[in-house]
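For reference, the chains in residue letters:
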Amino acid sequence: MARVLTVTLNPALDLTVQLPALHLGEVNRSDNLQVHAAGKGLNVAQVLADLGHQLTVTGFLGEANAQPFEQLFAARGFADEFVRVAGETRSNIKLAEADGRITDINGPGLEVGAAQRDELLARLERLVPGHELVVVAGSLPRGVEVPWFVELLQRLARLGARVALDTSGAALREGLALSPWLIKPNEEELAQARGLDPANAQALADEARRLNARIAHVVMSQGAAGVSWFSPAAAWRALPPKVRVVSTVGAGDSLLAGMLHGLLAGWPAERTLAHATAIAAQAVGQIGFGITDRAQLAELEAAVRLQPLSQ
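Rules used throughout
The residue numbering used here restarts from 1 in each chain and proceeds along that chain's sequence as written. Per-residue local features are limited, in this predicted model, to residues with pLDDT of at least 70; the limit for side-chain atom pairs, both in listing and counting, is 80 or more; totals at the level of whole chains, interfaces and linings are taken over all residues. Where side-chain values are given, they derive from all heavy atoms of the structure, hydrogens and water being excluded. UniProt positions are given in the numbering used here, feature names are shortened, and annotations may be inferred rather than shown by experiment. Secondary structure elements are taken from DSSP: a helix is a run of H or I of four residues or more, a strand is a run of E of two residues or more, and numbering for both begins at the N terminus. Every radius of gyration here is taken over C-alpha atoms, with the globule rule written as 2.2 Å times N^0.38, N being the number of residues. Whether a residue is buried, partly exposed or exposed follows from its accessible area with a 1.4 Å probe, protein chains only, as a fraction of its type maximum: under 20%, in between, or over 50%, in that order. For the accessible areas, the method is Shrake-Rupley and the probe is 1.4 Å, while residue cover comes only from the protein chains on display. The charge count includes Lys and Arg as positive and Asp and Glu as negative, but it does not include His or the ends of the chains. To locate a charge, take NZ of a lysine, CZ of an arginine, CG of an aspartate or CD of a glutamate. Among the buried residues, those of types Ala, Val, Leu, Ile, Met, Phe, Trp, Tyr and Cys that are joined through side-chain atoms within 4.5 Å form a nonpolar core. Every residue pair with non-hydrogen atoms within 4.5 Å of one another is taken to be in contact. Any Lys or Arg side-chain nitrogen located within 4 Å of an Asp or Glu carboxyl oxygen qualifies as a salt bridge. Two strands qualify as a pair provided that DSSP identifies no fewer than 2 bridges between them. Fitting a line to C-alpha atoms yields each axis, with helices limited to the stretch in contact; the angle taken between N-to-C directions then spans 0 to 180 degrees. Viewed with both strands pointing away, a crossover whose connecting path from the first strand over the helix to the second turns clockwise is right-handed. The length a helix should cover is 1.5 Å for every residue beyond the first. This arc is built from the directions going out from the helix axis to the C-beta atoms.

In the annotation of an unreviewed UniProt entry, the protein chain is listed under the name Phosphofructokinase and assigned to Stutzerimonas stutzeri. The annotation that UniProt attaches to the protein chain under Sequence similarities (unreviewed entry) is "Belongs to the carbohydrate kinase PfkB family." Among the UniProt annotations of the protein chain, the heading Function (unreviewed entry) holds the following wording: "Catalyzes the ATP-dependent phosphorylation of fructose-l-phosphate to fructose-l,6-bisphosphate."

**Student:** Sorry if this is basic, but what is going on with the overall build of the protein chain here?
**Tutor:** Of the regular secondary structure elements, the protein chain holds 10 helices and 15 strands. The C-alpha radius of gyration computed for the protein chain amounts to 19 Å, which stays within 12% of the reference 19 Å derived for 311 residues, consistent with globular compactness. With respect to the three principal axes, the spread of C-alpha positions in the protein chain is 55 × 50 × 40 Å. In the protein chain, buried positions account for 54% of the 311 residues. Approximately 13300 Å² of the protein chain is accessible, and the part contributed by carbon and sulfur atoms is 49%. Placing the 27 positive and 32 negative side-chain charges of the protein chain at their respective mean positions leaves the two points 4 Å apart.

**Student:** Where do I start with the nonpolar core in this structure?
**Tutor:** Nonpolar side chains in soluble globular proteins generally cluster together in the buried interior. Counting residues in hydrophobic clusters, the biggest one holds 46 residues, and the most contacted among them are Phe-73, Val-135 and Leu-260. When residues no more than four places from it in sequence are discounted, the contact partners of Val-135 are Val-4, Leu-5, Thr-6, Val-7, Val-44, Ala-164, Leu-256 and Leu-260.

**Student:** Is there a simple way to explain the pattern of salt bridges in this structure?
**Tutor:** Summed over all chains, the structure comprises 16 salt bridges. Taking the shortest distance from any N to any O, the salt bridge between Arg-84 and Asp-80 comes out at 2.7 Å. Taking relative accessible area as the criterion, Arg-84 reaches 25% and is therefore assigned partly exposed. As a salt-bridge pair, Arg-210 and Glu-207 come within 2.9 Å of each other at their nearest N and O atoms. Residue Arg-210 and its partner Glu-207 are located together in helix H7 (residues 201–212), separated by 3 residues, close to a single helical turn.

**Student:** Explanation requested: the side chain of His-275 in the structure shown.
**Tutor:** Looking at where His-275 falls in the secondary structure, it is placed in helix H9 (residues 269–283). Under the relative-accessibility criterion, His-275 is labelled buried at 9%.

**Student:** Help me understand the environment of Ala-114 in this model?
**Tutor:** With respect to the helices and strands, Ala-114 occurs in helix H3 (residues 114–127). Considering only alpha carbons, one finds Ala-114 and Val-144, 30 residues apart in sequence, at a separation of 8.9 Å.

**Student:** I keep staring at the sheet that holds strand S3 (residues 32–38) and nothing clicks. Help me out?
**Tutor:** Backbone hydrogen bonds are what pair the strands of a sheet, in a parallel or an antiparallel way. Read from one edge of the open sheet, 4 strands run S3-S2-S7-S8, paired in mixed fashion. Both outer strands of the open sheet, S3 and strand S8 (102–106), are each paired with one neighbouring strand and no more. When strand polarity is set aside, the average angle formed by the axes of neighbouring strands in this sheet is 20°. In this sheet, strand S7 (residues 91–97) lies alongside strand S2 (residues 12–19) in parallel orientation, the contact comprising 7 bridges. Among the inter-strand pairings, Thr-16 is bridged to a residue of S7, identified as Lys-94. Strand contacts of helix H2 (residues 67–76): S2 and S3, with the helix running at about 75° to S3, the strand carrying the most contacts.

**Student:** How do you make sense of the pairing of strand S4 (residues 54–62) when you look at a structure like this?
**Tutor:** Across a regular strand the side chains alternate sides, sitting on one face of the sheet and then on the other. S4 sits mainly inside the fold: 8 of its 9 residues count as buried. Sheet topology note: the strand S1 (residues 3–8)/S4 ladder contains 6 bridges and is parallel. When the sheet's bridge partners are listed, Leu-5 is paired in S4 with Thr-56. Two strands pair when backbone bridges link them, and S4 and strand S5 (residues 79–80) are joined in this way by 2 bridges, in the parallel orientation. Its bridge partner being in S5, Thr-56 is matched across the sheet by Ala-79. This β-α-β element, S4 to H2 to S5, shows right-handed connectivity.

**Student:** Quick question: what am I supposed to make of H3 here?
**Tutor:** Every α-helix carries 3.6 residues per turn, so stepping three or four residues along brings you back to the same face. The end-to-end C-alpha separation of H3 is 20 Å, in line with the 20 Å expected for 14 residues at 1.5 Å each. When H3 is considered as a whole, its buried residues turn out to be Arg-117, Leu-120, Leu-121, Arg-123, Leu-124 and Leu-127. Buried residues of H3 fall within an arc of 160° about the axis and therefore sit on the same side. The exposed set on the far side of H3, more than 90 degrees from its buried face, consists of Ala-115 and Asp-118. Of the surrounding secondary structure, the elements contacted by the buried residues of H3 are S1, S4, strand S6 (83–85) and helix H4 (146–158).

Dropping the structure here:
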């Protein structure tokens with residue numbers, strides 16, 4: 001299997017509270033509370049590890065509450081190359097209602113200084129040559145501005161890295177100009193980055209095709225409506241099976257990991273997309289990250305419907 005490096009600039013401790021229904025301005029009682037060391041790149045890493053790949057993880061991590069992350073790295077066998085920063089990694093609260101609705105309350109993130117930014121760039125110089133793929137995923141913490149993020153992506157390009165990019169806002173808009181190997185925006189993220197109406201499905205598909213002229217793989221996630229993949233060989237849409245939604249947190253990250261696995265393994269397009277869609281479908285039925293039930297995953301994959309997209 002492949003050696004993959006994930007870059008998570010703004011990780012988080014996810015506190016997921018499960019409750020029957022959220023009543024604003026009232027006392028609410030939860031059914032369950034779970035805490036996970038998370039962040040988009042780390043979520044991708046966990047699924048890739050379950051699929052057999054060797055992971056190195058890097059980014060910025062707060063010194064004051066690093067233990068849950070270090071426990072995850074040890075349990076998963078990740079090579080820990082995170083740059084430590086004074087203070088605490090942010091906490092994100094996820095309120096998961098029984099009907100599948102999620103309310104996110106995200107913390108502000110660390111304050112990253114120039115010394116830590118320089119240290120991360122230096123580590124990438126050392127790490128990138130030993131990996132077949134680099135995943136850059138998630139938001140930017142305080143102290144990391146878009147021009148520096150562009151410098152990071154340019155550094156990766158100079159090092160010859162194949163980059164899978166999954167971010168949003170100005171970071172995505174500027175990242176698209178650098179033509180990474182793969183992008184995985186959802187409809188709203190792509191619309192915002194390109195100045196489009198998120199409700200105009202045809203305009204979004206047309207823009208994805210335009211981007212595909214210089215970005216090898218454009219994967220546009222569409223929630224319950226599935227995923228559209230524009231690749232050098234063909235364009236496909238996958239319709240996921242119906243599942244009971246427990247939490248949508250990490251579903252997009254699971255989809256991305258599944259796509260990367262199929263591409264790294266050299267699978268046919270249909271198998272890659274069906275498998276990735278099934279992994280995402282399984283993810284919404286659980287709290288946490290990773291492949292938990294192989295038999296269920298096989299059933300979900302068999303139920304995925306694929307449609308070629310007309311040019």
